[in-house]
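Breakdown of the fold
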Amino acid sequence: MATVTNSNAKAKAGNGLGTRTRIINLAKSNMTQADLDAAILYLSQGETSGTDDAHTVAGISVLTESGVFTSGTTDDVQVAVQGTGVLTVGSNFGVGATGVTASLLAEFAGQA
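In this report, the structure presented in the accompanying data block is examined.

Cut-offs used in this document
Residues numbered from 1 in each chain as written. Predicted model: local features only at pLDDT ≥ 70, side-chain atom pairs only at ≥ 80, totals over all residues. Heavy atoms only, no water. Helix = DSSP H or I, 4+ residues; strand = E, 2+ residues; numbered from the N terminus. Buried < 20%, exposed > 50% of the residue type's maximum accessible area, 1.4 Å probe, protein only. Contact = heavy atoms within 4.5 Å. Pairing = 2+ DSSP bridges. Axes fitted to C-alpha atoms, helices over the stretch in contact; angles between N-to-C directions. Salt bridge = Lys/Arg side-chain N within 4 Å of Asp/Glu carboxyl O. Phe/Tyr/Trp six-rings, centres within 6.5 Å; stacked < 30°, edge-to-face > 60°.

1. Here's the deal with the overall build of the protein
Helix and strand counts for the protein stand at one helix and four strands. Along the protein, from the amino end to the carboxyl end, the secondary structure elements read β-α-β-β-β. Burial statistics for the protein: of 112 residues in total, 31% are counted as buried. Expressed as a percentage of contacts within the protein between residues at least 6 apart in sequence, the contacts between residues at least 24 apart total 68%.

Okay, here's the thing in structure tokens:
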């Protein structure tokens, strides 16, 4: 877990979130609920072992003023996934032709 123990200490990387946690941004202009569902399904089921492995979806958030996903209006959704498998981000991300682009925002490696 990331900690600062006293005023002379330095912050150090850590993870109390699981073995490996990644924060993914899903982006598409005017994303629909079907687009979001297809991307989440893809993250949780995976596709090709060793290229796009299945992951546990640990959280979904929308960093907008309201914090609410609005189908056909919201452009970006952030997803926390956990798992040690391979995750390949890129365009047309999801089950079917979604037009959603996935990018990696942060990765928290597990403790050694």
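2. Section: the sheet that holds strand 3 (residues 76-82)
The strand order across the open sheet formed by four strands is 2-3-1-4, and the pairing between neighbours is antiparallel. Every other strand in the sheet has two partners, leaving strand 2 (56-61) and strand 4 (101-109) as the edge strands with one partner each. Strand-to-strand twist in this sheet, taken as the mean axis angle between neighbours without regard to direction, amounts to 25°. Relative to strand 3, strand 2 is paired through five bridges, and the arrangement is antiparallel. Residue pairing across strands places Val-57 opposite Val-81, the latter belonging to strand 3.

3. A closer look at the pattern of salt bridges
As enumerated under the stated definition, the model contains two salt bridges in all. The salt bridge partner of Arg-20 is Glu-107, with a shortest N-O separation of 2.7 Å. One end of the pair, Arg-20, is in strand 1 (residues 20-27); the other, Glu-107, is in strand 4, and 87 residues separate them in sequence. Owing to a relative accessible area of 24%, Arg-20 belongs among the partly exposed residues under this scheme. When its relative accessible area of 37% is taken as the criterion, Glu-107 is described as partly exposed. Asp-35 is the salt-bridge partner of Lys-28, the closest N and O atoms lying 3.0 Å from each other. Judged by its relative accessible area of 10%, Asp-35 falls in the buried class.

4. A look at the packing of aromatic side chains
Applying the stated criterion to the full structure yields one aromatic pair. Ring plane angle 80° and centroid distance 4.9 Å describe the contact between Tyr-42 and Phe-93, whose orientation is recorded as edge-to-face. Taken as a pair, Tyr-42 in helix 1 (residues 33-45) and Phe-93 in the loop between strand 3 and strand 4 lie far apart in primary sequence, 51 residues in all. As far as burial versus exposure is concerned, Tyr-42 and Phe-93 are alike and both buried.

Without other data, these values stay purely geometric and don't point to any function.
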